[in-house]
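# Fold and contact review
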Amino acid sequence: MPERRTVALVTLGCARNEVDSEELAGRLEADGWQLVQDAADADVAVVNTCGFVEAAKKDSVDALLEANDLKGHGRTQAVVAVGCMAERYGKELAEALPEADAVLGFDDYADIADRLQTILSGGQHTSHAPRDRRKLLPLTPVERQTAAAEVAVPGHGTATGSDRPEAGPEASVDLADLPAGVAPASGPRTLRRRLDDSPVASVKLASGCDRRCSFCAIPAFRGSFLSRRPADVLSETRWLAEQGVREVMLVSENNTSYGKDLGDIRLLETLLPELAAVDGIERVRVSYLQPAEMRPGLIDVMTGTPGVVPYFDLSFQHSAPAVLRRMRRFGDTDRFLELLETIRGKAPEAGARSNFIVGFPGETEADLAELERFLTHARLDAIGVFGYSDEDGTEAAGYDGKLPDDEVAERLARLTRLAEEMTAQRAEERIGSEVEVLVESLEDGVVEGRAAHQAPETDGLTTLLGAVDAKPGQFVRARVVATEGVDLVAEPVEGRQPVEGRQPVEGRQGAEA
């Protein structure tokens, strides 16, 4: 029997990219490829790139060059770029980076196994010509679901190749025909293979975005907003629970728009309780929320549904009205503070985080002071601050009023210091409170996990003191005794042992102590 072809997936960027990598992994393993963790052990290294901002693009190029360095020194024979940067730049990236043996776009995902085999055999694959993916789906949201079958959208496309059901794209995939650990995560629509054994996993709720923020290029290469059907999301969540996942995080470019192309803008309010009821899932977390689209009913469900954590990842970006209007966004400091007050009135210990851009074209000292006023009063648990830089193809790239680079850097440093001070204060407010910690790692006697207000990767950790019996995937009720920046230090509540079952979630009125 010939040796199986091996492939390693190197993922950069956001949680949406991580889900895309697991879709690619599912397709490849279903087609006979062997997945390995280390690119040095792979025939082909596939780098899932990020194309959001300059720093992310640089990281993607560095990862491609690092993988290329493996060629000639071990098993690695080819390096392939996929993901947002590959989709966004296509041929331009291929010409600028000849170290990549191929640059594949989203249209190639359904046939990824064939593409890699061609490249490994010495064949050539023409890099795609980038196009505005917003034009691939109808302008009217309710017409998109029908048209989506003809458009390649990661996480939405029908199965092809060896994973195509004989009865057609709407038939069920026979699990007996798939390798262990590979499942039709969203019914017939796509495959997924987990790339780690973490008790936390992201689930893609939708793709694309209909907003036209003047600084953002994402809609151009991710396309218009397209919801996944509730049955697909539920099916994937059930499968993840069977794989040992205890927390799912719903991701997309804009979760608050979910359902508008399915005829029900309030569909998320219906779906969340159903996801929370999935056997084995203890936490459902929603990310990527637009403040201007937050609805009273959605706040009620997110703060009052057992199993749905009161966690609000709100995309504020700024709070000065003049800057927000130039960004083509809505709101102001007082409206944003009122939204946070409403949330905390229903769930006093709710988690809240956001990202902000400083140095936007035309931003004045008064605008910056207004943003500082907001950060001082918002009591956010986690804050990301970024300095503005032009992005290809965006409206803001053509704006006047650009600030000098050194001025942007100074404002970035100034806001970063304030953000660190404010989030540290917010963490200190939690001293003495009880939190439910999902244990994620145990190394050299140090037990780490996350409380309900802490999302994976971005919002800090909780270190458990004396939780010697805790294991990854278990929940530990603990009392916060100290902080280190945004991180918490907590001690298990006496008499409470690590448990597998659902526990009361902190922050809800009426929850058990």
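Residues numbered from 1 in each chain as written. Predicted model: local features only at pLDDT ≥ 70, side-chain atom pairs only at ≥ 80, totals over all residues. Heavy atoms only, no water.

## Here we look at the pattern of salt bridges
To keep things clear, this is the line we draw: What makes a salt bridge here is a side-chain nitrogen of Lys or Arg within 4 Å of a carboxyl oxygen of Asp or Glu, nothing more. Only protein chains enter the calculation, and the probe is 1.4 Å; a residue is then buried if its accessible area is under 20% of its type maximum, exposed if over 50%, and partly exposed in between.
Within the structure shown, the criterion is met by 47 salt bridges. Between R335 and D332 there is a salt bridge, with its nearest N and O atoms 3.5 Å apart. Accessibility expressed as a relative area gives 52% for R335, which makes it exposed. The buried category is assigned to D332, whose relative accessible area is 17%.

## Digging into the packing of aromatic side chains
The geometry of an aromatic ring pair is captured by two quantities: the separation of the ring centres and the angle between the planes. The cut-off we apply is this: For Phe, Tyr and Trp, where Trp contributes only its six-membered ring, two rings pair if their centres lie within 6.5 Å, and the inter-plane angle classes them as stacked under 30 degrees, edge-to-face over 60, or tilted in between. By the criteria applied, helices consist of DSSP H or I runs no shorter than four residues and strands consist of E runs no shorter than two, each listed in order from the N terminus.
Enumeration over the complete set of coordinates arrives at 9 aromatic pairs. Look at F316 and F356: their rings are 6.4 Å apart centre to centre, the planes differ by 20°, and that puts the pair in the stacked class. Of this pair, F316 sits in the loop between β13 (311-313) and α11 (321-326) while F356 sits in strand β14 (residues 351-358), placing them 40 residues apart in sequence. F356 carries the same exposure label as F316, and that label is buried.

## Here we look at the confidence of the model for the protein
Rule in force here: pLDDT is a residue-level measure of predictor confidence that goes from 0 to 100. We call two residues in contact when some of their heavy atoms are within 4.5 Å.
When pLDDT is averaged along the protein, the result is 87, and 89% of the positions lie at 70 or above. Overall, residues 158-176 carries pLDDT values under 50, and its contacts beyond four positions in sequence, including any with other chains, amount to 28 contacts.

## With respect to the environment of R328
Short version of the rule: Identification of polar contacts relies on pairs of N or O atoms within 3.5 Å, with a donor-acceptor requirement for protein atoms, meaning one able to donate a hydrogen and the other able to accept it, and with residues adjacent in sequence counted only if both atoms are side-chain atoms.
With respect to the helices, strands and loops of the structure, R328 is situated in the loop between α11 and α12 (333-346). Judged by its relative accessible area of 46%, R328 falls in the partly exposed class. For the pair formed by R328 and R212, sequence separation is 116 residues and the distance between their alpha carbons is 6.8 Å. If we ignore the near neighbours within four places in the chain, the residues touching R328 are R212, C213, S214 and E395. Among the polar contacts made by the side chain of R328, one reaches the side chain of E395 at a distance of 2.7 Å.

## Details of the sheet that holds strand β18 (residues 462-464)
Operational definition: Pairs of strands are assigned from DSSP output, requiring at least two bridges between the strands. Fitted lines through C-alpha atoms give the axes, limited to the stretch in contact for helices. The angle between two N-to-C directions lies from 0 to 180 degrees.
The strand order around the closed barrel built from 5 strands is β16-β17-β18-β20-β19, with neighbouring strands paired in mixed fashion. Averaged over all neighbouring strand pairs, the angle between strand axes comes to 50°, with direction disregarded. Direction of pairing for strand β17 (residues 446-450) relative to β18: antiparallel, over a ladder of 3 bridges. By the bridge assignment, G449 is partnered in β18 with T462.

## Brief notes about helix α2 (residues 54-68)
Filter applied, for reference: Multiplying one less than the number of residues by 1.5 Å gives the expected span of a helix. Note that the arc is computed from the directions linking the helix axis to the C-beta atoms.
With 15 residues, α2 should cover 21 Å at 1.5 Å per step; its first-to-last C-alpha distance of 21 Å lies within 8% of that length. When α2 is considered as a whole, its buried residues turn out to be A56, K57, S60, A63, L64, A67 and N68. The arc that holds every buried residue of α2, seen down its axis, measures 140°, which confines them to one face. α2 presents A55, K58 and E66 as exposed residues on the side facing more than 90 degrees away from its buried surface. Here the buried face of α2 lies against β3 (44-49), β4 (78-83) and α3 (84-89).

## Description of the sheet that holds strand β12 (residues 283-286)
Spatially, the 3 strands line up as an open sheet ordered β8-β11-β12, and their pairing is parallel. Each of the sheet's edge strands pairs with one partner strand only, and the pair in question is β8 (200-204) and β12. Averaged over all adjacent pairs, the angle separating strand axes in this sheet is 25°, with direction ignored. With 5 bridges joining them, β8 and strand β11 (residues 247-251) adopt parallel strand pairing. In the sheet register, S202 faces β11, and the bridge partner there is M249. In the packing of helix α9 (residues 267-276) onto the sheet, contacts are made with β11 and β12, and the angle to β12 comes to roughly 150°.

## A closer look at the nonpolar core
It is characteristic of soluble globular proteins that their nonpolar side chains tend to be buried jointly. The test is simple: In plain words, nonpolar cores are sets of buried Ala, Val, Leu, Ile, Met, Phe, Trp, Tyr and Cys residues tied together by side-chain atoms within 4.5 Å.
Counting 64 residues, the largest nonpolar core has L250, L272, V284, L314, F374, L375 and L380 as its most contacted members. A total of 6 residues in this core trace back to one element, the largest contributor, which is α9. Residues in contact with V284, not counting those within four places in the same chain, are V248, L250, L272, L275, A276, G307, V308 and V309.

## Digging into the packing of α9 against helix α10 (residues 296-304)
Describing two packed helices takes the angle between their axes plus the distance from one axis to the other. Under the convention used in this document: Between 65 and 115 degrees an angle is taken as roughly perpendicular, under 35 as roughly parallel, over 145 as roughly antiparallel, and anywhere else as oblique. Amino acid classes used here: Ala, Val, Leu, Ile, Met, Phe, Trp, Tyr, Cys and Pro are nonpolar; Asp, Glu, Lys and Arg are charged; the rest, including Gly, are polar.
For the pair α9 and α10, the least separation of the axes is 9 Å and the interaxial angle reads 10°. It follows from the interaxial angle that α9 and α10 lie roughly parallel. Here L268, E269, L272 and P273 of α9 lie close against α10, whose contacting residues are G297, L298, V301 and M302. Residue classes in the contact of α9 with α10 are distributed as 6 nonpolar, 1 polar and 1 charged.

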